[in-house]
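Survey of secondary and tertiary structure
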Amino acid sequence: MEAALRKETCQAVAQYSLGVESIPEEVATAVIEDAEYRLRQLLQEAVKFMRNSKRTKLLPRDINAALRLENMEPIFGYTAPQKKQFRAVKSCPGLYVLDDDLVDLSQVLEESLPKPPVEPTLEAHWLAIEGVQPAIRQNPVRDQLKDAKTRSDPVPVEALKPLKHALSKEFQLLYDRVISIIRGDDNEKKKACLRELSKQPGIQQLVPYFTLYIHKEVSENILFTERLFSVMQLTRALISNSNIHIDPYLHQIVPPVLTCILGKRLCSKWTDPHWDLRDYSSSVLGIIYHQFGSHSATLQTRVARSLTSALLDDERPLTTRYGAIVGFLSLGVREVQICLMPHLPFLSRKIETELESNDADSERRLSLAKVYGALLLAAHVCLKQNNQDTKKDADSDDVVMKEDTKDNAEMSSIYTFHMDTYNNLDSEEKNRMSSFVPKFDSLMAVLYEQFGDSVFPTLSNYL
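Below you will find a few notes about this structure. What you see is a predicted model, and the numbers here were worked out from it, not measured in a lab.

1. Remarks on the overall build of the protein chain
Scanning the protein chain for helices and strands turns up 20 helices and two strands. Going through the 463 residues of the protein chain one by one, you find that 34% of them count as buried. For the protein chain, the computed accessible surface area is about 30,800 Å², with 55% contributed by carbon and sulfur atoms.

2. Focus on the packing of aromatic side chains
Under the defined criterion, the tally for this structure stands at four aromatic pairs. Between Trp 275 and Tyr 322 the ring centres are 5.0 Å apart and the planes differ by 90°, which places this aromatic pair in the edge-to-face class. Of the two residues, Trp 275 sits in helix H11 (residues 274-292) while Tyr 322 sits in helix H13 (residues 318-331), which places them 47 residues apart along the sequence. With a relative accessible area of 6%, Trp 275 lands in the buried category. By way of ring pairs, the aromatic residues Tyr 175, Tyr 209 and Phe 210 are connected into one cluster.

3. What to know about the nonpolar core
A general tendency of soluble globular proteins is for nonpolar side chains to be buried together. Core analysis: the biggest nonpolar cluster contains 69 residues, and Phe 210 and Ile 288 have the highest contact counts within it. In this structure, Ile 288 is in contact with Ile 239, Leu 250, Ile 253, Val 254, Val 257, Gly 293 and Leu 299, ignoring residues within four places of it in sequence.

4. Some points on helix H3 (residues 60-69)
All of the buried residues in H3 are Asp 62, Ile 63, Asn 64, Ala 65, Ala 66 and Leu 67. Tucked into the core, H3 has its buried residues touching helix H2 (25-52). Just past H3, the residue Asn 71 takes up positive phi, approximately 60°.

5. Concerning the packing of helix H9 (residues 225-239) against H11
It is at 10 Å that the axes of H9 and H11 come closest, and there the two elements cross at 20°. With respect to their mutual orientation, H9 and H11 come out roughly parallel. Between H9 and H11 lies a crossing of left-handed hand. Of the residues in H11, those in contact with Thr 225, Leu 228, Phe 229, Met 232, Gln 233, Thr 235, Arg 236 and Ile 239 of H9 are His 274, Asp 276, Leu 277, Tyr 280, Ser 281, Ser 283, Val 284, Ile 287, Ile 288, Gln 291 and Phe 292. When the residues that make up the contact of H9 with H11 are grouped by side-chain class, the tally is ten nonpolar, seven polar and two charged.

6. Here's the deal with unusual backbone geometry
The phi torsion at Lys 54 lies on the positive side, around 60°, for a residue other than glycine. Its location among the elements puts Lys 54 in the loop between H2 and H3.

7. Looking at the pattern of salt bridges
Within the structure shown, the criterion is met by nine salt bridges. Of the charged contacts in the structure, one is a salt bridge between Glu 217 and Arg 227, with a shortest N-O distance of 2.4 Å. With Glu 217 in helix H8 (residues 207-220) and Arg 227 in helix H9, this pair connects stretches of sequence that are ten residues apart. Overall, Arg 227 belongs to the partly exposed group, its relative accessible area being 28%. Notably, a salt bridge pairs Arg 265 with Glu 363, separated by 3.6 Å at the nearest N-O pair. Linking Arg 265 in the loop between helix H10 (250-262) and H11 with Glu 363 in helix H16 (residues 362-392), this pair joins segments that are 98 residues apart in sequence. Overall, the relative accessible area of 37% leaves Arg 265 in the partly exposed class.

8. Looking at the side chain of Arg 278
With respect to the secondary-structure elements, Arg 278 resides in helix H11. Here Arg 278 occupies a buried position and makes no salt bridge, while the nearest side chain of opposite charge, Asp 279, is found at 7.7 Å. Each residue touching Arg 278, except ones within four places of it in the same chain, is listed here: Cys 260, Ile 261, Leu 262, Gly 263, Lys 264, Arg 265, Leu 266, Thr 319, Tyr 322 and Val 326.

9. Here we look at a nonpolar patch on the surface
Together, Val 103, Leu 105 and Val 108 give the surface a local cluster of nonpolar side chains, amounting to about 300 Å² of exposed area. Overall, Val 103 belongs to the exposed group, its relative accessible area being 58%.

10. Observations regarding the layout of surface pockets
If you add up the space inside the second largest pocket, you get close to 400 Å³. Lining the second largest pocket are 13 residues; nearest its centre among them are Ala 35, Arg 38, Leu 39, Leu 42 and Leu 67. Secondary-structure elements contributing two or more residues to the lining of the second largest pocket are H2 and H3. The residue inventory of the lining of the second largest pocket, partitioned by class, reads eight nonpolar, one polar and four charged.

Criteria and thresholds
- Residues numbered from 1 in each chain as written.
- Predicted model: local features only at pLDDT ≥ 70, side-chain atom pairs only at ≥ 80, totals over all residues.
- Heavy atoms only, no water.
- Helix = DSSP H or I, 4+ residues; strand = E, 2+ residues; numbered from the N terminus.
- Buried < 20%, exposed > 50% of the residue type's maximum accessible area, 1.4 Å probe, protein only.
- Areas by Shrake-Rupley, 256 points an atom, 1.4 Å probe, with all protein chains shown as cover.
- Phe/Tyr/Trp six-rings, centres within 6.5 Å; stacked < 30°, edge-to-face > 60°.
- Core = buried A, V, L, I, M, F, W, Y, C linked by side-chain atoms within 4.5 Å.
- Contact = heavy atoms within 4.5 Å.
- Axes fitted to C-alpha atoms, helices over the stretch in contact; angles between N-to-C directions.
- Parallel < 35°, antiparallel > 145°, perpendicular 65-115°, else oblique.
- Left-handed = near helix turned anticlockwise from the far one by under 90°.
- Nonpolar A, V, L, I, M, F, W, Y, C, P; charged D, E, K, R; others polar.
- Salt bridge = Lys/Arg side-chain N within 4 Å of Asp/Glu carboxyl O.
- Lys, Arg positive; Asp, Glu negative; His and termini not counted.
- Patch = residues over 30% accessible without salt bridge, like charges linked within 9 Å, V, L, I, M, F, W, Y side chains within 5 Å.
- 1 Å grid on protein atoms, 1.4 Å probe; cavity = no way out; pocket = protein on both sides within 12 Å on 5 of 7 lines; lining within 4 Å.
- Points joined across faces, edges and corners; volume = space filled by probe spheres on them.

Right, here's the structure in full:
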């Protein structure tokens, strides 16, 4: 491509700037082509600086920035606000130079010096006098402030639509395959699938979809025990996987689990194994309670509060109360002692009265027997734990805050104080807190009073 600059320009610059009278035509052509290439490169870099500055007008400082980028000395004297005038060189048509005025130095030296700037000073004034702003020149006028607020243009805000989560085709196929196996009747495939989900590290992107499926499946199939049992198996596999991060989705997982524990009716007919579903769901809740309770400030308290309200509500059915009892059993011995044992006399007396009446039907009597058995199991667990604690250290001040010997997990989150706070208490305060927990002797007396001779086979193992 032919250069836009002319060879005469190169010869004129060489003559007036370098003092070279004449240069060969081939040399002028090569110099012009190289100069044009350099100019194009320099202008391209300068345009980049202009666009990054959010401007549409090329300024001299953009050219200087491009020169610095190319390790070249910037051009000085072109940053003045006034426009520079160029004039044509008569001896060389097409060549333009700056029209610099000739300045007489002697005349500049004879002129008087400009006035120096005023030195900075401080001036005190009243901003307000007894809550009233004085109308002085240092304070802005209220009308001006109101006009400024009125004239302020609102900032345009563009509401963006929520972005959809992009899932690859492979993950979609995997999700569909897992759901089809969970809903299917092949137990071997289901066990293998759940076993793989409990240790697979590459399913983090599918966790929100699985949690949404769990919530939707429980709400839509509340009367299908088998479907609910499969959903709880899937939930247990996900929370048992230590390779995925499931903490942000616990608020979606805990409500379905509590529904499968405290639901009023989780079966189409009362002979369905919904009791087994409540027991299994309670074990899932226990894993969540112990594994993730320390990561959340309110998880353990909310779970204990939900189970307590379900246990003490007289309008709740026996199935819900049974779920609350087995739920407390899955949380740990301390939760049973604090939340369940104070209500043991009232609950056992009421159930014994209904069992002795013989007026209930088969479904009612089965529910009463299940609740009574759950209460007896809770008493058995508390009795065993109190006996073990008494044998280990009868005078221990830390009886409230011991570790559960079954799962080695701390059970202190449902109290109003933490372990560190409890350790800092003096002996008198520790004894006062320990007095709220039933001791072995008093617990044995309460159990015998409520359950009679039926508790003797349990006590014979520890006496």
